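Below are the chains, spelled out letter by letter.
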Amino acid sequence: MVPRQRDRADDARLQLLVAVGTDKHPFDRLVNWLDEWHVEAADHVGLTIQHGHTRAPAVPGAVPFLGHDALQAAMADVDLVVCHGGPATILEARRHGHLPIVVPRDPAHGEHVDDHQLLFARRLGAAGMVALCETRQALRDALAAGLADPTRFAVAADPQAHDARHAAVARVGQIVDALVASAPGRRRAWWFPWARTGRDR
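Residue positions within a chain follow its written sequence, with the count starting from 1. Totals for whole chains, interfaces and linings use all residues, but because this is a predicted model, local features are given only for residues with pLDDT of at least 70 and pairs of side-chain atoms are given and counted only at 80 or more. Calculated side-chain values reflect all of the structure's heavy atoms, with hydrogen atoms and water omitted.

Describing the sheet that holds strand β3 (residues 62–63)
- Pairing in this open sheet of 6 strands is parallel, and the strands run β3-β2-β1-β4-β5-β6 from one edge to the other. Of all the strands in the sheet, the pair left with one neighbour each is β3 and β6 (131–132).
- Two strands pair under a simple rule: DSSP has to find at least two bridges between them. In DSSP terms, a helix is any run of H or I states spanning at least four residues, a strand is any run of E spanning at least two, and both are numbered starting from the N terminus. Where strand β5 (residues 101–102) lies against β6, 2 bridges are found, and the strand directions are parallel. When the sheet's bridge partners are listed, I101 is paired in β6 with A131.
- Set on the sheet, helix α1 (residues 28–41) makes contact with β1 (14–19), β2 (45–50) and β4 (80–83); between it and β2 the angle comes to about 165°.
- Note on contacts: a residue pair qualifies if any of its non-hydrogen atoms lie within 4.5 Å across the two residues. Only the contacting stretch of a helix is used when fitting its axis, a line to C-alpha atoms as for every element, and angles between N-to-C directions run 0 to 180 degrees. Running over the sheet, helix α5 (residues 136–148) touches β1, β2, β4 and β5 and is turned about 165° from β4.

In structure tokens:
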């Protein structure tokens, strides 16, 4: 199936959703990068930033949290999705036909308790399942490419895959758990239960 096409007759601007998830750690780095970029791109972009526990950015369309239905509706109606490295958020973005532009949380910046998002996002980036951006410049380059041609960040949508979501997230949890457990000097990850409870969306 092809991604849903939104009627943009009344709005020629590209629509962008940024989702940082619900983790209690702030993600100032990503929000600051988008804040800076939006100053230059405001005339061309309609922006929604779900900023979670990060301070609210000085842009229109900033909201702390989106309920599940609101997030689904937003993903179905935008041209590009930028998100953190939460497996559930990535899976939902792809289900709605997006190749998500992913900036993983980095514990070195106080953005998470460990580096499982980095490990997971790098694995998906190497497989071509996300557009991985670990630097400000990489993000700006991806956004520039998306502005020029949003179809570069589109994949085959599968709206009927909702029933398989929990099984897929559980499998992702097993993969991430194995990645973290196999890293030198690491204990088995304590955060695996998010695959059942919805943590790290």
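As for the environment of P107
- Tracing the backbone through its elements, the reader meets P107 in the loop between β5 and α4 (116–126).
- Whether a residue is buried, partly exposed or exposed follows from its accessible area with a 1.4 Å probe, protein chains only, as a fraction of its type maximum: under 20%, in between, or over 50%, in that order. Its relative accessible area of 28% is what places P107 among the partly exposed residues.
- The sequence separation of P107 and H25 amounts to 82 residues, and the corresponding C-alpha distance is 9.6 Å.
- Leaving out residues up to four positions away in the same chain, P107 has contacts with H112, V113, D114, D115 and L118.

Focus: the packing of α1 against α5
- Where α1 contacts α5, the two axes come as close as 11 Å, and the packing angle between them is 45°. Compared by their axis directions, α1 and α5 come out oblique. Handedness of the α1/α5 crossing: right-handed. In this structure, α1 uses L30, W33, L34, E36, W37 and E40 to contact α5, whose residues at the interface are R136, L139, R140, L143 and L147.
- Residue classes in the contact of α1 with α5 are distributed as 7 nonpolar, no polar and 4 charged. Note on terminology: angles under 35 degrees are roughly parallel, angles over 145 are roughly antiparallel, angles of 65 to 115 are roughly perpendicular, and the others are oblique. The handedness criterion is simple: a crossing whose near helix is rotated anticlockwise from the far helix by less than a right angle is left-handed, and one whose near helix is rotated clockwise is right-handed. The residue classification treats Ala, Val, Leu, Ile, Met, Phe, Trp, Tyr, Cys and Pro as nonpolar and Asp, Glu, Lys and Arg as charged. All others, Gly included, are polar.

What to know about the pattern of salt bridges
- When a carboxyl oxygen of Asp or Glu is within 4 Å of a side-chain nitrogen of Lys or Arg, the pair counts as a salt bridge. Applying the stated criterion across every chain, the model contains 6 salt bridges.
- With a shortest N-O distance of 2.6 Å, R140 and E40 are connected by a salt bridge. Separated by 100 residues along the polypeptide, R140 in helix α5 and E40 in helix α1 bring together distant segments of the chain.
- By relative accessible area, R140 is classed as partly exposed at 22%.
- For E40, a relative accessible area of 55% corresponds to the exposed category.
- With a shortest N-O distance of 2.9 Å, R122 and E134 are connected by a salt bridge. Taken together, the residues R122 in helix α4 and E134 in the loop between β6 and α5 connect sequence positions 12 residues apart.
- With relative accessibility at 31%, the residue E134 sits in the partly exposed group.

Section: helix α3 (residues 87–95)
- Here α3 lies mainly inside the structure; 7 of its 9 residues are buried.
- What α3 keeps buried is the set P87, A88, T89, I90, E92, A93 and R95.

Thoughts on the packing of helix α2 (residues 68–77) against α3
- α3 packs onto α2 with a crossing angle of 45° between their chain directions and a minimal axis gap of 9 Å. Our classification of the angle between α2 and α3 gives oblique. For the pair α2 and α3, the crossing hand works out as right-handed. Two secondary-structure elements touch here, α2 through H68, Q72 and M75 and α3 through T89, E92, A93 and R95.
- Of the residues assigned to the contact of α2 with α3, the class counts are 2 nonpolar, 3 polar and 2 charged.

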